[in-house]
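Spelled out from the first residue to the last, the chains are:
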Amino acid sequence: MNDSPPTLSRRLHAASSATSLRLKLIVPTLVLTSLAIGLLTWFASNTVQRTVNNIYIEKARAVASLISKAIVDQDYILFYSEQLDQDIAQLVQLYPDVFRITIYGKVREDVRVITSSDPTRIGLEVAAAAVPAFQAKSASIALVQEGSRQFYQVGYPLYQASEIIGLTEVDLSLAERDAFLQEIYANFALGGVVSFLALGGLIYVVLRSVVSKPIYKLAHASEKVSTGDYTVSVAHGPALPTGLRVRDELHRLIATFNHMVRMIKDKEERLEAMIV
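Bear in mind the structure is a predicted one, so any value in this text is a computation, not a measurement.

(A) Summary view of the overall build of the protein. The helix and strand inventory of the protein stands at six helices and six strands. Counting from the amino terminus, helix and strand elements in the protein follow one another as α-α-α-β-β-β-α-β-β-β-α-α. Burial analysis of the protein (276 residues in total) assigns 28% to the buried set. Of the contacts formed within the protein by residues at least 6 apart in sequence, a portion of 54% connects residues at least 24 apart. For the protein, the computed accessible surface area is about 18,100 Å², with 61% contributed by carbon and sulfur atoms.

Okay, structure coming up:
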């Protein structure tokens, strides 16, 4: 007698043998469904996030371009004036996403803040080499984090003829974008749960109807045959013409089982007749 402890394969086999076929169908169905829906949700959310980010980047560029054009049209670009402050305040009110506008003027090799919607920045001097828009001589955009606030910062050069005379820096808040993305993610999560339940339920119903239910009938009929009842017959769909090749394995298995039961019954009846 072998008293060795059961191996992992034996334990798994024992657990599998003690588990019903329906449960064996439910578990992989739910796992595969959750993986499929999770991958689709992840792909869709990433695609939406990239699309929304691109939209806000283009919006930031467009706003900076419009503000720069409004500033360049004025004659006081390189010096401070109350009118410039009023224009910046109006532009901030005009674009709710814009929380700060800063105008730089070029002073020799450096740039100085001429005016800003943030008064603490007025007069601040920065090296021109440290400003990407001055180096590239074109609009620049960067994602900036200041404390808990995250925003797009767009630098737009101000030209006079072919020379850069200043820079418009526009800070565009991402609060609206984040709220919009959160709403989309919530809808994706809800849609994922609903899809998981609907798709998982549909797959289970199909598997139960196509696989589990016929096998359950076959197992129940086999138990009756083991007790000597040869009158059982398992029904599985309409009868097929004789000689037709059937590709449905379950249909073939049930047809073979019914034929085997009939053969056993006929032989038993012949044996009884011979005995009589």
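(B) Representation of the pairing of strand β1 (residues 98–107) within the structure. Here β1 lies mainly inside the structure; seven of its 10 residues are buried. As paired elements, β1 and strand β2 (residues 110–116) share six bridges and run antiparallel to each other. By the bridge assignment, Val107 is partnered in β2 with Asp110.

(C) Expanded view of the packing of aromatic side chains. Applying the stated criterion across every chain yields a total of one aromatic pair. When the centroid spacing of 5.0 Å and the interplanar angle of 80° are considered together, the rings of Phe99 and Phe151 count as edge-to-face. In this pair, Phe99 sits in strand β1 while Phe151 sits in strand β5 (residues 149–160), placing the two residues 52 residues apart along the sequence. The exposure class assigned to Phe99 is partly exposed, which follows from its relative accessible area of 22%. Positioned above the aromatic ring of Phe99, the side-chain terminus of Arg149 is 4.1 Å from the ring centre.

(D) Structural detail: the packing of helix α5 (residues 175–226) against helix α6 (residues 249–275). Contact geometry of α5 with α6 gives a least axis separation of 11 Å together with a crossing angle of 15°. Our classification of the angle between α5 and α6 gives roughly parallel. Between α5 and α6 the crossing geometry is left-handed. Here Val210, Val211, Pro214, Ile215, Leu218, Ala221, Ser222 and Val225 of α5 lie close against α6, whose contacting residues are Leu250, Leu253, Ile254, Phe257 and Val261.

Conventions we followed
Residues numbered from 1 in each chain as written. Predicted model: local features only at pLDDT ≥ 70, side-chain atom pairs only at ≥ 80, totals over all residues. Heavy atoms only, no water. Helix = DSSP H or I, 4+ residues; strand = E, 2+ residues; numbered from the N terminus. Buried < 20%, exposed > 50% of the residue type's maximum accessible area, 1.4 Å probe, protein only. Contact = heavy atoms within 4.5 Å. Areas by Shrake-Rupley, 256 points an atom, 1.4 Å probe, with all protein chains shown as cover. Pairing = 2+ DSSP bridges. Phe/Tyr/Trp six-rings, centres within 6.5 Å; stacked < 30°, edge-to-face > 60°. Lys NZ or Arg CZ within 6 Å of the ring centre and 35° of its normal. Axes fitted to C-alpha atoms, helices over the stretch in contact; angles between N-to-C directions. Parallel < 35°, antiparallel > 145°, perpendicular 65-115°, else oblique. Left-handed = near helix turned anticlockwise from the far one by under 90°.

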